[in-house]
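Coordinate inspection notes
These are the residues of each chain, in order.
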Amino acid sequence: MAKKKQGEEQESVLSAILALAKERGIDEEVLIEAIEDGIVAAFKREFSASKAIEEVGAEIDRETGEIFVYKLVTVVDDVLDPENEISLEEAKAIDPEYELDDQLEVGIDVADLGRLAAIAAKSSISQKVREAEYARIQSEFSGKINEIATGTIQRSDKRFVYVDVDRAEAVLPKEHQIKNERYDKDKLMKFLVLNVQEFNGRPTVTVSRTHTDLVRKLFELEVPEIKNGEVVIHAVSREAGSRSKVAVYSRDENIDAKGACVGQRGSRVVKIMDELGGEKIDIIDWSEDEALFIKEALQPAEVLSVTIEKTPREDGRIENKATVVVPDDKYSVAIGSRGQNVRLAARLTGFKIDIRTESAVAEASKKGLLDGFQVVEDSSDEV
């Protein structure tokens, strides 16, 4: 009866191991080997005071779940160390083929491990499981860095939102959360994968909702012409949760890059905006003509003229500046709320942009002309 109960317990242990492997996405063999190593570590810790047994091994039967703990002993003529040696006579009783100096496995009663060993085994197994899980996640996500991943919100605290992404725990740090965006439990969202690292003793994927590349990757998902390379995203500037500007161009003269990104009746860009919680997206035609590109980047503002100035810096780089003239009634549109439109346009183009109204430029020109006349008049008086 006791033997039957022990067999049922061993089968239960094996079932638990297989269930854990499935839950964590770890190879069953890797997990079983980790548990075998844990049992060995526990046994050594149990007998660490005497260290009488030199070589210990453990094996779990893959069919029955039966656990074997054994020690390696050496065949000798005269046994001086009973823990690590066996007489030739005893060895031949086990197998007549054994000779002097051979090593054989001798079973150890698992019950000898005791409570301390069980605790030690649990600790060792947990470590091995973490290592195996980290290796799996590292392998699985190493090719997904800077790519889109879909995850389900699990919970949140003051610092992180915790997300389940492909059987891995991901964290969304505060600095990568969109301001005022809701992260409700069980909500399905898309994230940009940043890295894989150890967090709170577990392998963890770090994701972002604010990174500029999230917008870029969402367009790659939604616009086939971008995915196949016919349309190219030249640059993206973003203030997460509020507004983004995306500059695109077409490698095929028969394809309208802007139209492809917008989609029929705005279907493609609207889908991306919805994914980003209503974030506004301006799609802009990129141009090699820098003045034209700046003009496009300042949309929806009307631009009358763009003057470009390139100034060499002491460090050898070129400082790009642009003076942009807009109608008086379009000045606030060009600047945008709290300067957002011109700020995003500057990041998109790589230019420092100075917005001036048409009347201010006219007034400055008039003043310059009058000053010029005054200089001439003063010169005439001196003569």
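Above this text you will find the structure in question.
Throughout what follows, the structure given in this document is the object of discussion. (Residues numbered from 1 in each chain as written. Predicted model: local features only at pLDDT ≥ 70, side-chain atom pairs only at ≥ 80, totals over all residues. Heavy atoms only, no water.)

Omega for the bond connecting Q299 with P300 falls within 30 degrees of zero, at 10°, which places this linkage in the cis form. Within the element layout of this structure, P300 appears in the loop between α9 (290-297) and β13 (305-312). Positive phi is not limited to glycine here, since N180 has a value of about 70°. Examined against the element boundaries, N180 turns out to sit in the loop between β7 (168-173) and β8 (188-199). You will see that R265, though not glycine, has its phi angle at about 55°, which is positive. Secondary-structure assignment places R265 in the loop between α7 (257-262) and α8 (267-275). Residue classification places R265 among the exposed positions, given a relative accessible area of 84%. (Helix = DSSP H or I, 4+ residues; strand = E, 2+ residues; numbered from the N terminus. Buried < 20%, exposed > 50% of the residue type's maximum accessible area, 1.4 Å probe, protein only.)

Tracing the backbone shows M189 in strand β8. Separated by 39 residues in sequence, M189 and T150 have C-alpha atoms that sit 5.7 Å apart. Apart from residues lying up to four places away in sequence, M189 is in contact with A149, T150, G151, I153, E181, R182, Y183, R209 and E275. (Contact = heavy atoms within 4.5 Å.)

Another aspect to go through is the packing of α9 against helix α11 (residues 340-349). Two quantities define a packed helix pair, namely the angle between the helix axes and the distance between the axes. Remark: α9 packs on α11, axes separated minimally by 9 Å, with the N-to-C direction vectors making an angle of 145°. Considering how the two elements wind past one another, α9 and α11 form a crossing that is right-handed. Residues F293, I294 and A297 of α9 form the contact with α11, whose own contacting residues are A345, L348 and T349. (Axes fitted to C-alpha atoms, helices over the stretch in contact; angles between N-to-C directions. Left-handed = near helix turned anticlockwise from the far one by under 90°.)

Turning next to the sheet that holds strand β6 (residues 160-165). Spatially, the 5 strands close up into a barrel ordered β5-β6-β7-β9-β8, and their pairing is mixed. Ignoring strand direction, the axes of neighbouring strands in this sheet form an average angle of 50°. As judged from the 4 bridges shared by strand β5 (residues 148-156) and β6, these two strands associate in the antiparallel manner. Its bridge partner being in β6, I153 is matched across the sheet by V163. (Pairing = 2+ DSSP bridges.)

With that settled, consider the nonpolar core. Within the largest apolar cluster, 21 residues are counted, with the highest numbers of intra-cluster contacts made by F219, V246, V248 and I281. Other than its neighbours up to four places away in sequence, F219 contacts I226, I233, V246, C261, V269, I272, I281 and I283. In terms of nonpolar packing, the next biggest core, distinct from the first, is built from 19 residues, I294, V303, A334 and F351 among them. (Core = buried A, V, L, I, M, F, W, Y, C linked by side-chain atoms within 4.5 Å.)

Now for the layout of surface pockets. Empty space within the second largest pocket amounts to approximately 160 Å³. In terms of lining residues, the second largest pocket is bounded by E23, R24, E133, Q154, R155, V163, D164, R167, A168, E169 and R202. Elements represented by at least two residues in the lining of the second largest pocket include exactly α1 (2-24), β5, β6 and β7. Split by residue class, the lining of the second largest pocket holds 2 nonpolar, 1 polar and 8 charged. (1 Å grid on protein atoms, 1.4 Å probe; cavity = no way out; pocket = protein on both sides within 12 Å on 5 of 7 lines; lining within 4 Å. Points joined across faces, edges and corners; volume = space filled by probe spheres on them. Nonpolar A, V, L, I, M, F, W, Y, C, P; charged D, E, K, R; others polar.)

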